[in-house]
Amino acid sequence: MMQDKLIVEIDPAELAVRMCEANYGLTRPMADARQALAAMTPEVREAWLRSAKAAADYFVEIVNAAKKTH
């Protein structure tokens, strides 16, 4: 039996900016996520990137757990 595979890449910058937008109800000042992050102070930028990494890591964990049960 062939199994379909779906490979996705989560862009940490895009995820960080989307989380920031959702959290504060804001719209980014420019379309490019990296530019939006660059406009933040270093401490704030790094905090959002850490949050995005944690969210992406969690997504990988639940996908891997689902693979084991199916």
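For the structure itself, consult the block above.
Residues numbered from 1 in each chain as written. Predicted model: local features only at pLDDT ≥ 70, side-chain atom pairs only at ≥ 80, totals over all residues. Heavy atoms only, no water.

A. Representation of helix α1 (residues 12-24) within the structure. The terminal C-alpha atoms of α1, which comprises 13 residues, lie 18 Å apart, in line with the 18 Å expected from a rise of 1.5 Å per residue. Packed against the buried residues of α1 are α2 (33-38) and α3 (42-69). At the exit of α1 stands G25, carrying a positive phi of roughly 65 degrees. (Helix = DSSP H or I, 4+ residues; strand = E, 2+ residues; numbered from the N terminus. Expected span 1.5 Å × (residues − 1). Contact = heavy atoms within 4.5 Å.)

B. Focus on α3. Taking 1.5 Å of rise per residue, the 28 residues of α3 would be expected to cover 40 Å, and the 41 Å separating its terminal C-alpha atoms lies within 8% of that figure. Considered for burial, the residues of α3 that qualify are W48, A52 and A56. Structurally, α3 contributes buried residues whose contacts are with α1. (Buried < 20%, exposed > 50% of the residue type's maximum accessible area, 1.4 Å probe, protein only.)

C. Structural view of the pattern of salt bridges. Taken as a whole and judged by the stated rule, the model has five salt bridges. Here E21 ties to R28 by a salt bridge, and the two come within 3.2 Å at their closest N and O atoms. For E21, a relative accessible area of 17% puts it in the buried group. Each of E14, R18, E21 and R28 takes part in a single network of salt bridges with overlapping partners. (Salt bridge = Lys/Arg side-chain N within 4 Å of Asp/Glu carboxyl O.)

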